[in-house]
Amino acid sequence: MSADRDIDGWLAERGVTLMDARARARGVLEEAGLTRPGKARMSEPKLLRAAEVLSERFFQVCGDPGCLQVASASGREPLRVEPRSHCARCGGSANRRAEVAFLEMCHQRGVQRVVVVGGSPAVREELEAKLSGPISLRMVDGTERRTADRAKSDLEWADLVLVWGATELHHKVSTHYTHLASSHHRKVVHVVRRGVAALLDEAMVHLQRAR
């Protein structure tokens with residue numbers, strides 16, 4: 001005999017905790033004939049089908065405006081989830097949300113080559129893992145010697161250059177990029193805040209202004 005589970009508890013495990021969202025999800029499950037009004041429990045086999053129905057009908061989304069915009073354009077009905085870790089776009093991570101939004105904007109603006117000057121090894125590794133592929137990245141270690149010729153090559157190659165002054169970035173390295181920035185001012189962004197989300201947010205502000 002199949003076990004059964006509390007429906008509201010099962011929905012909560014999927015992030016459907018807000019009253020309106022839970023009522024909407026239950027309504028769809030009732031329309032699919034998987035439960036009925038007032039019924040509190042559902043069998044495990046039906047829950048497997050219920051998961052498919054909810055996935056087909058809804059785009060689970062947090063309250064971030066960027067995530068809501070993507071959900072609205074997805075062809076599925078947005079369904080608010082809490083906590084944000086259940087959001088299908090950002091997974092509740094500010095970094096992930098910024099990374100996705102940045103890649104979307106790069107695609108819209110035709111930005112294909114990005115140079116990041118500075119950042120810790122761990123941050124550079126994260127950026128390469130999350131951004132490489134959709135765009136081409138050059139990560140410049142701000143603690144190692146960089147010649148003016150290589151900096152000039154980076155500036156000429158890139159569509160966007162992020163000079164991350166709030167991180168591990170020696171003055172002798174950053175100077176090569178800032179000294180040459182006057183002739184590449186439309187593509188060079190000086191970032192003074194820490195954190196991946198802050199870096200990409202400032203990059204997106206620059207791209208919006210450059211339209």
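Above this note sits the structure.
Notes on the structure follow. All values reported here derive from a predicted model rather than from experimental measurement.

Rules and cut-offs
- Residues numbered from 1 in each chain as written.
- Predicted model: local features only at pLDDT ≥ 70, side-chain atom pairs only at ≥ 80, totals over all residues.
- Heavy atoms only, no water.
- Helix = DSSP H or I, 4+ residues; strand = E, 2+ residues; numbered from the N terminus.
- Rg over C-alpha atoms; globule rule 2.2 N^0.38 Å.
- Contact = heavy atoms within 4.5 Å.
- Areas by Shrake-Rupley, 256 points an atom, 1.4 Å probe, with all protein chains shown as cover.
- Pairing = 2+ DSSP bridges.
- Axes fitted to C-alpha atoms, helices over the stretch in contact; angles between N-to-C directions.
- Phe/Tyr/Trp six-rings, centres within 6.5 Å; stacked < 30°, edge-to-face > 60°.
- Lys NZ or Arg CZ within 6 Å of the ring centre and 35° of its normal.
- Buried < 20%, exposed > 50% of the residue type's maximum accessible area, 1.4 Å probe, protein only.
- Parallel < 35°, antiparallel > 145°, perpendicular 65-115°, else oblique.
- Left-handed = near helix turned anticlockwise from the far one by under 90°.
- Nonpolar A, V, L, I, M, F, W, Y, C, P; charged D, E, K, R; others polar.
- Salt bridge = Lys/Arg side-chain N within 4 Å of Asp/Glu carboxyl O.
- Core = buried A, V, L, I, M, F, W, Y, C linked by side-chain atoms within 4.5 Å.

1. Considering the overall build of the protein chain
Secondary structure summary: the protein chain contains 9 helices and 8 strands in total. Against the globule reference of 17 Å for 211 residues, the protein chain gives a C-alpha radius of gyration of 23 Å, more extended than a compact globule. Its C-alpha atoms give the protein chain principal-axis dimensions of roughly 70 × 30 × 25 Å. Long-range contacts, defined as pairs at least 24 residues apart, comprise 61% of the intrachain contacts of the protein chain with a sequence gap of at least 6. Summing over all exposed atoms, the protein chain offers an accessible surface of approximately 11400 Å²; the carbon and sulfur share of this is 48%.

2. What about the sheet that holds strand β6 (residues 136-140)?
Judged by pairing direction, the sheet is parallel, and its 4 strands sit side by side in the order β6-β5-β7-β8 without closing on themselves. Each edge of the sheet is formed by a strand with only one pairing partner; in this case those strands are β6 and β8 (188-191). On average, each strand axis in the sheet is inclined to that of its neighbour by 15 degrees, with strand direction left out of account. Of the strand pairs in this sheet, strand β7 (residues 160-164) and β8 are connected by 4 bridges, and their pairing is parallel.

3. Comments concerning the packing of aromatic side chains
Where two aromatic rings form a pair, the distance of their centres and the angle of their planes describe that pair. In the structure shown here, the tally under the stated rule is 0 aromatic pairs. Seen from the ring of tryptophan 157, arginine 113 lies directly overhead, with NZ or CZ sitting 6.0 Å from the centre. Positioned above the aromatic ring of tryptophan 157 is the side chain of arginine 138, whose terminal nitrogen or guanidinium carbon lies 4.2 Å from the ring centre.

4. A few points about the side chain of glutamate 202
By the element assignment, glutamate 202 lies in helix α9 (residues 196-209). When near neighbours in sequence (up to four residues on either side) are disregarded, glutamate 202 contacts Val189, His190, Val191, Val192 and Arg193.

5. Overview of the pairing of β7
β7 sits mainly inside the fold: 5 of its 5 residues count as buried. A two-sided burial pattern is seen for β7, the buried positions comprising Leu160, Leu162 and Trp164 on one face and Val161 and Val163 on the other. Alignment of strand β5 (residues 113-117) against β7, held across 4 bridges, turns out to be parallel. Across the sheet, valine 116 pairs through a bridge with leucine 162, a residue of β7.

6. Some words on the packing of helix α6 (residues 121-131) against α9
For the pair α6 and α9, interaxial distance at closest approach is 11 Å and the crossing angle is 55 degrees. When the interaxial angle is binned, α6 and α9 end up oblique. Regarding α6 and α9, the two cross each other, and that crossing is right-handed. Taken together, the residues of α9 that come into contact with α6 (itself represented by Val123, Glu126, Leu127 and Leu131) are Val196, Leu199 and Leu200. For the contact of α6 with α9, the residue count by class is 6 nonpolar, no polar and 1 charged.

7. Looking at the pattern of salt bridges
Going through the model one piece at a time under the given rule, you end up with 17 salt bridges. Close ionic contact of arginine 49 with glutamate 52 constitutes a salt bridge, the shortest N to O distance being 3.0 Å. Residue arginine 49 and its partner glutamate 52 are located together in helix α3 (residues 44-57), separated by 3 residues, close to a single helical turn. Overall, arginine 49 belongs to the partly exposed group, its relative accessible area being 38%. Given the relative accessible area of 43%, glutamate 52 is considered partly exposed. With a shortest N-O distance of 4.0 Å, arginine 49 and glutamate 56 are connected by a salt bridge. The network of salt bridges with common partners includes Asp8, Arg22, Arg26 and Glu30.

8. A few points about the nonpolar core
In terms of nonpolar packing, the biggest core is built from 27 residues, with Phe102, Val114, Leu127 and Leu160 touching the most fellow members. Counting residues per element, the ones that place at least two in this core are α5 (94-109), β5, α6, β6, β7, β8 and α9. By residue number, the principal contributor to this core is α9, which donates 7 residues. Apart from the residues within four sequence positions on either side, leucine 127 is in contact with Val116, Ser132, Leu137, Met139, Trp164, Val196 and Leu199. Formed by 17 residues, the second largest nonpolar core is a distinct cluster that contains Leu11, Leu29, Leu34 and Ala51.

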